[in-house]
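Summary of structural features
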Amino acid sequence: MKNPDKSVPFPSATPAVIRYRAVHFFNSVNAFEQLPPDIGQEVAFAGRSNAGKSSALNLLTDQRQLARVSKTPGRTQMINFFQVETERYLVDLPGYGYAQAPEAMRRHWGVLLERYLRERIALRGLLLMMDIRHPLTELDQRMLDCCAARELPAHILLTKADKLSRGAAKTVLQQAQKTLRTQYPQATAQLFSAQTGQGVDEAHQRLDEWLGFEAKG
């Protein structure tokens, strides 16, 4: 089985690819009070611990080791800020739903995630990773509830789309979109694969929109 961090290269150096290749680590925090000044624009990456969040972040920045990829879920234990440019960040949130993490740690992650999603003014959107074989779990819906509470847009990447046939993947996407239209109208969804590169352009477009890069192409 291929390691997800060895994804296919981008076919061409589009403006978005060049832009996100320049992303670099800024800092890590473990408490709301440690967050950088609440200015500028941020896009957060979230998902269950085994949903492929780190692989997606690495693929979208065309960097194999920007976010740690591990066979052990739950390795992201802090909020990690990656700078795109001044006052523009990608924010890697702790993976949730990892049952083997200590109870106290899981409670801390839950409180921190909820407060960040509800109160962070600079946060312009949530990129939510869901394994296409297990979408819209109870914990995923709790994340969407937090977004809905403040009318924060969310965009779902149905990861590991290569694990299903094209027809089966399309069916899951259509079912997810139907649920979103009725329960979470501020959320959208797409297919995504860190193995094949499927969905990269669409995800880049959403990042550009939220980070205010539309005018730059």
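As a reminder, the structure under discussion sits directly above these lines.
Let us look at the structure shown here. (Residues numbered from 1 in each chain as written. Predicted model: local features only at pLDDT ≥ 70, side-chain atom pairs only at ≥ 80, totals over all residues. Heavy atoms only, no water.)

1. Section: the packing of aromatic side chains
For any pair of aromatic rings, the description consists of the separation of the ring centres together with the inter-plane angle of the planes. Let me state the cut-off plainly: By convention, a stacked pair of Phe, Tyr or Trp rings (six-membered ring in the case of Trp) has centres within 6.5 Å and planes under 30 degrees apart, an edge-to-face pair has planes over 60 apart, and any other such pair is tilted. Counting from the N terminus, the helices are DSSP H or I runs at least four residues long and the strands are E runs at least two residues long. Note on exposure labels: buried denotes an accessible area under 20% of the residue type's maximum, exposed denotes more than 50%, and partly exposed covers the range between, all computed with a 1.4 Å probe on protein chains only. Distance and angle both matter: a charge sits over a ring if NZ of Lys or CZ of Arg is within 6 Å of the ring centre and within 35 degrees of the ring normal.
Per the stated rule, a full pass over the model turns up 4 aromatic pairs. For the ring pair F25 and F82, a centre distance of 5.9 Å and an interplane angle of 70° mean the geometry is edge-to-face. With F25 in strand β1 (residues 24-29) and F82 in strand β3 (residues 79-85), the pair connects residues that are 57 residues apart, well separated along the chain. Exposure remark for F25: the relative accessible area of 45% places this residue in the partly exposed category. With centroids separated by 5.1 Å and ring planes inclined at 55°, the aromatic side chains of F26 and Y89 adopt a geometry described as tilted. Pair noted here: F26 is in strand β1 and Y89 is in strand β4 (residues 88-92), with a separation of 63 residues, a long-range link. Pairwise contacts between aromatic rings join F26, F81 and Y89 into one cluster. Between the NZ or CZ atom of R88 and the centre of the ring of F213, over which it lies, the distance is 4.4 Å.

In short, the description is geometric, and any link to function would need to be established separately.
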